[in-house]
Amino acid sequence: MVSRNAADRFGARRPLAGAAQPVVYYSLDALAGEEGVNLAKLPYTVKVLLENLLRLHNGTTITEEDVLGLARWSPDQRRPRVISFLPARVLLQDFTGVPAVVDLAAMRSAMARLGGDPARINPLVPADLVIDHSVQVDLFNSLRAFAGNVELEYERNRERYMLLRWAQQAFADFSVVPPGTGICHQVNLEYLGKVVQTRQDGDETVALPDTLVGTDSHTTMINGLGVLGWGVGGIEAEAVLLGQPLEMLTPQVVGFRFIGQLPEGATATDLVLTVTQILRQHNVVGKFVEFTGAGLSQLGLADRATLANMAPEYGATCGFFPVDEETLHYLRLTGRDESLVQLVETYCKAQGLFRTDDAPEPAFTSLLELDLSTVEPSLAGPERPQDRVPLPAVHDNFQGVVTRLAARAGGQVGAPPSEIQIDHTRAPLGNGSVVIAAITSCTNTSNPTVMVGAGLLAKKAVEKGLTVPPTVKTSLAPGSKVVTDYFDKAGLTPYLEELGFYLVGYGCTTCIGNSGPLPDPVAGAIESQGLATVAVLSGNRNFAGRIHPLVRAQYLASPPLVVAYALAGTVDKDLTTEPLGTGTDGQPVYLRDIWPTLEEIKETVASSLTPDLFRQQYAHVFEGDERWKLLPVPEGDLYAWDTYSTYVQEPPYFADMSPEPPAVTDVAGARVLALLGDSITTDHISPAGSIAKDGPAGQYLILNDVLPRDFNSFGSRRGNHEVMVRGTFANVRLRNQLTPDKEGDWTVHQPDGEVMRIYDAATRYADDGVPLCVIAGREYGTGSSRDWAAKGTLLLGIRFVLAESFERIHRSNLVGMGVLPLQFQPGESAASLGLTGHETFDVRGIAALTPGQDVEVHARRNDGGEATFTARVRLDTPTDVEYYRHGGILPYVLRQLLRRRASA
């Protein structure tokens, strides 16, 4: 028995038996024995959270009741507790990381103005930022594509990268992985993730689970490695960096049992689309998903990472795979030190965190099961990742939506494809034509099985004499340099290039909307004829308007199927029965003729993927190329804001901030800025893609002497609030019910009825002192963990969002920016209450908020009538209430730091 002390009130801190070096840990078994708690049936995810509470227990923010309450977790918990969680590290990507750095720099400036020490604004939790979202596919189908796209990336993003260079030297425990290295999730999986971390505590080394939060919703990909982590908004991530634990309710944990094994012809992508559909139908929003069953031993680590990556698409907080023998195998495969592998095995077995096929299955809130042998080749689309379509049904699926899509594009259905002149040839282009075929995104490019499958399919296609039509924009954007290494070693690169799949960059490209321009003849034909054209990509997101503004349908597919549809040139064809094309021998070539077998794929992976590839590529991961090294590095604790910069500006959140929060007041006379339907995504609220030159953001840039060719994207300009607030609700596919005949950022200014841009209307309302609101349907804020979807909402003057339901991350982001999330009572909606969006709204009862209370909403119609109803306040915890009272997380943290200084 280890004696208790102030730092170890449960007597759980003890030496880790069997460790190669002296290590101590906080033993869950010791807790169970001391308190008579049975931990054997706890889900693995709950055990990880329990270790966090046990290790960080201090008697104040984490009490004995918190620890014991979670230790006694049960599947039928009726009253979930609020618990704190402080992860071991934070992962950032540059689209969300740059605004986080801007906010921290602004907090330093505000601290200095308030008389405090700006250096106190410093990460207290280690952070890694991977620059992976800024490369755009301008050049393609060329050996020059990669070098040219990276050159353009540096030209466009020089100011942003200088900011990150400053942050790297100004902040402690803050590292930056330079451009051209890989996607943050794949770098995290292959290098940054440790499974077990160590920390120095005086003279002792403490072992603990590797946990994290990230500013990208697909942070969950690391769950495939047995590392618990999930996506949060940039605002929450900044609070964690500053030592603020996340508050959460004890989770419901949905078990998903696998049995059997995948059949010939099915890929990990097909599996993940099947699982996504099942879990969406089961409604796992806000819940933990934990995979279980003997079938896990049939799934490689990369397959698990593919499934974990899509947790945001099936709505879960995480999609967790426990540590097992496959985890250890992957750590060795990716070149991790053997000492780390041994520590992972020793620690996880000691903590009951190591899964075996014969181990007792945990107790779950609910349990689903899937026989892997039933999985079939599939795509998902045309606008949502959960809408799985079996491969034979893709043609019928597209035919079912083409009328709607073509009508919105202004075109006609039934007209035969027309021929256009492109690349010295004539090629057909019509409804259903594939104009983008992209092997991209973290979902699949981390998976050697599906990537090699694509390479082998390309090889067989070239050998048959098949070619890709010139109307298809092809691209290859792997998640790490290891991918191209094993393509080269396997001899597959020439065949991919023969079909146009040249390397365009190492980063998130098409999936985030960085697909770049279409060739002029293709773009011109689409616009002039109103065509409903298609993108096929190996990504995880296919929301309307996300991939490219000229693409009306977008299907997610495995990398081999991306190549197949590039060859076919259309989705208006059944690839299971119709030929892809004609071979050099004059015979039709079918997909089945060139589809590689599982044995071929396994043999190629085994011969081409070795630990040395990972060791070589990650040996100098933080150094960057010469362009990175030659960037000037600003110095000093305070960032030198450039008032002329169109990329980085000091945000207004802390302007005139008082040391104490102002009184919270009710809302009176609010007007509706947007009346929206179901499944409004963060892409609808804050698009990441191209900036239209005729919109408010484009006009702002033009007035600041930026040419349209240099606009870059909304994602790259997230460090400038002036651009981003003008781009809020600027998605080209947004449908505001106040302007039912228009797509995009349009609204009606009231009471005069003038139709105008949302930003322009918000500005006029602000000038008149009129507060604003948004009304929406179910699943408001689905998609990426995009903090600007909340920041832009605040800066437009929106006081509250009233929706039927919220996605987890966006609700937190709204609270984190001081915007009140209100939820209709069950069974009620704008339609059921007769709300048209032309009312004025009062919300009463805000001044004395408590978590989850109801407030009165009064909607006054123009004819003098009134609808009165109650809405649930979605401030779920006492900390949510505190954040809202202070106007958001960041003002709260800044005031806390000032208060500590005053009391010191």
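Given the structure is predicted, the values throughout are model-derived calculations rather than measurements.

> So what about the overall build of the protein? Which residues, and what values?
Broken down by element type, the protein carries 31 helices and 34 strands. Seen through its principal axes, the protein has C-alpha atoms that stretch 80 × 75 × 55 Å. Counting every position in the protein, which comprises 904 residues, the buried fraction comes to 63%. Sequence-distant contacts, at least 24 apart, represent 76% of the contacts inside the protein between residues at least 6 apart.

> Describe in detail the side chain of Arg717, supporting the description with residues and values.
Mapped onto the fold, Arg717 is located in the loop between helix H25 (696-703) and helix H26 (721-726). At 6.4 Å, Glu159 is the nearest oppositely charged side chain to Arg717, a buried residue that forms no salt bridge. Polar contacts involving the side chain of Arg717 include one to the main-chain carbonyl oxygen of Thr646, which spans 2.8 Å. Once you skip the residues sitting within four places of it in the chain, Arg717 turns out to touch Thr646, Tyr647, Ile691, Leu701, Val706, Asp710, Phe711, Asn712, Val723 and Met724.

> Pulling in residues and values, what's your account of the confidence of the model for the protein?
In this model, the protein carries a mean pLDDT of 93, and residues with pLDDT of at least 70 account for 99%. Low pLDDT, under 50, characterises residues 1-6; the stretch is placed with 11 contacts to residues that sit more than four places away or in other chains.

> Explain the pattern of salt bridges to me, and be specific about the residues and the numbers.
The full count for this structure, using the stated rule, is 50 salt bridges. A salt bridge links Arg257 to Glu361, with the shortest nitrogen-to-oxygen separation between them at 2.6 Å. Taken as a pair, Arg257 in strand E12 (residues 253-259) and Glu361 in the loop between helix H12 (338-350) and strand E15 (366-371) lie far apart in primary sequence, 104 residues in all. Given the relative accessible area of 23%, Arg257 is considered partly exposed. Of the residues examined, Glu361 reaches a relative accessible area of 23% and is grouped as partly exposed. Residue Arg872 is joined to Asp854 by a salt bridge in which the shortest nitrogen-to-oxygen separation is 2.5 Å. Placement of the pair is Arg872 in strand E34 (residues 866-873) and Asp854 in strand E33 (residues 854-860), with a sequence separation of 18 residues. Asp854 sits in the partly exposed class, given a relative accessible area of 36%.

> A description of the environment of Met724 should follow, citing residues and the corresponding values.
Take Met724: it is sitting in helix H26. Assessed through its relative accessible area of 1%, Met724 is described here as buried. Considering only alpha carbons, one finds Met724 and Arg79, 645 residues apart in sequence, at a separation of 40 Å. Among all residues touching Met724, those that are not within four sequence positions of it are Ser686, Phe714, Arg717, Arg718 and Trp788.

> I'd like a rundown of the side chain of Gln853, residues and numbers included.
Mapped onto the elements, Gln853 comes out in the loop between strand E32 (840-844) and E33. Taking relative accessible area as the criterion, Gln853 reaches 16% and is therefore assigned buried. Side-chain polar atoms of Gln853 contact the backbone oxygen of Gly845, separated by 3.2 Å. Ignoring anything within four residues of it in the chain, the contact list for Gln853 reads Gly845, Ala848, Ala871, Arg872 and Val873.

> Got a sec to walk through the environment of Tyr565? Specific residues and values, please.
Among the structural elements, Tyr565 can be located in helix H19 (residues 559-568). Taking the C-alpha atoms as reference points, Tyr565 and Val468, 97 residues apart in sequence, are found 9.0 Å from one another. Setting aside chain neighbours within four positions, we find Tyr565 in contact with Leu379, Leu391, Val394, Val434, Val536, Thr570, Val571 and Leu575.

> Quick one: what's the story with the packing of aromatic side chains, residue by residue and with numbers?
Evaluated as defined, the whole model comprises 21 aromatic pairs. Here the aromatic rings of Phe824 and Phe869 are separated by 6.1 Å at their centres, their planes lie at 25 degrees, and the arrangement is stacked. You can see Phe824 sitting in strand E31 (residues 820-824) and its partner Phe869 sitting in strand E34, a full 45 residues away along the chain. Exposure class is identical for Phe824 and Phe869. Each is buried.

> Any chance you could break down the nonpolar core for me, citing the residues and the numbers?
Counting 249 residues, the largest nonpolar core has Trp230, Phe501, Leu567, Phe729, Tyr780, Phe800 and Phe841 as its most contacted members. For this core, the element with the most residues is helix H4 (residues 94-113), which contributes 9 residues. Setting aside residues up to four positions removed in sequence, Tyr780 forms contacts with Leu676, Ile680, Ile685, Phe729, Val774, Val801, Ala803, Ser805, Phe806, Glu807 and His810. Residues Val272, Ile512, Leu518 and Ala525 belong to the second largest nonpolar core, which totals 50 residues.

> Run through the pairing of strand E21 (residues 473-476), naming residues and quoting values.
Covered by surrounding structure in E21 are Lys473 and Ser475 together with Thr474 and Leu476, the residues of both alternating faces. Bridge count between strand E20 (residues 434-439) and E21: 4 bridges; the pairing is parallel. What sits directly across from Ile439, in E21, is Leu476.

Reading the values: rules and limits
Residues numbered from 1 in each chain as written. Predicted model: local features only at pLDDT ≥ 70, side-chain atom pairs only at ≥ 80, totals over all residues. Heavy atoms only, no water. Helix = DSSP H or I, 4+ residues; strand = E, 2+ residues; numbered from the N terminus. Buried < 20%, exposed > 50% of the residue type's maximum accessible area, 1.4 Å probe, protein only. Contact = heavy atoms within 4.5 Å. Lys, Arg positive; Asp, Glu negative; His and termini not counted. Salt bridge = Lys/Arg side-chain N within 4 Å of Asp/Glu carboxyl O. Polar contact = N/O pair within 3.5 Å; in protein donor to acceptor, adjacent residues only side chain to side chain. pLDDT = per-residue confidence, 0-100. Phe/Tyr/Trp six-rings, centres within 6.5 Å; stacked < 30°, edge-to-face > 60°. Core = buried A, V, L, I, M, F, W, Y, C linked by side-chain atoms within 4.5 Å. Pairing = 2+ DSSP bridges.

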